[in-house]
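# Descriptive analysis of the structure
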Amino acid sequence: MSNIEQTLSIIKPDAVERNLEGEIKEIFKNNGFEILKEKKIQIEKSEAENFYRVHETKPFYNDLCDYLSSGPIVVMVLEKKNAVKANRELMGATNPKDAENGTIRKKYGISIDKNSVHGSDSADNAKIEIDFFFKD
Ligand code: CMP
């Protein structure tokens, strides 16, 4: 059964700053993802707080929101069969030091904070996150 899904991907400030946007997009395309929408933006801290609201109670929430709003990011809608899971596999573990060889975070991630990419963690959250950045 085909299950074409969309998911939200963010190329985070550490990767944009190192000019990795092109390379990371190539990795998505080479792994069968279609980039349906994309934009490079810088968000306010208040927007980062809204985006990461699920992490509000976590000790790293404030730093996380400072970080996501600290520089330009690239937000993308990716489409593929089972895109949410496929993207999470391609990104690798949240902490780059735990990520498997061949994953984006293993290749480019610097630390658990500067882990180069974000991806939606479920189909429901993908819809919410895509709406957050691309509702028009
Ligand atoms: P991301 O997939 O964007 O979702 C939330 C982010 O919080 C995560 O990637 C990490 O960059 C960051 N983070 C910082 N500390 C932690 C932690 N202890 N556990 C999970 N995520 C963390």
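Our subject is the structure that appears above.
About the cut-offs
- Residues numbered from 1 in each chain as written.
- Predicted model: local features only at pLDDT ≥ 70, side-chain atom pairs only at ≥ 80, totals over all residues.
- Heavy atoms only, no water.
- Pairing = 2+ DSSP bridges.
- Helix = DSSP H or I, 4+ residues; strand = E, 2+ residues; numbered from the N terminus.
- Axes fitted to C-alpha atoms, helices over the stretch in contact; angles between N-to-C directions.
- Contact = heavy atoms within 4.5 Å.

### Here's the deal with the sheet that holds strand β4 (residues 117–119)
Spatially, β2-β3-β1-β4 is the arrangement adopted by the four strands of the open sheet, whose pairing is antiparallel. The strands lining the two open edges of the sheet, one partner per strand, are β2 (34–41) and β4. Within the sheet, the average angular offset between the axes of one strand and its neighbour, ignoring direction, is 20 degrees. Taken together, the eight bridges between strand β1 (residues 4–11) and strand β3 (residues 73–81) define a ladder with antiparallel strand orientation. Its bridge partner lying in β3, Leu 8 is registered against Val 77. Most of the contacts of helix α5 (residues 83–91) go to β1, to which it runs at about 35 degrees, and overall it touches β1, β3 and β4.

### Notes on the pairing of β3
Side-chain direction in a regular strand flips from residue to residue, so the side chains alternate between the two faces of the sheet. Judged from the seven bridges that link them, β2 and β3 form a sheet pairing that is antiparallel. Considered in β3, the bridge of Ile 41 is made with Ile 73.

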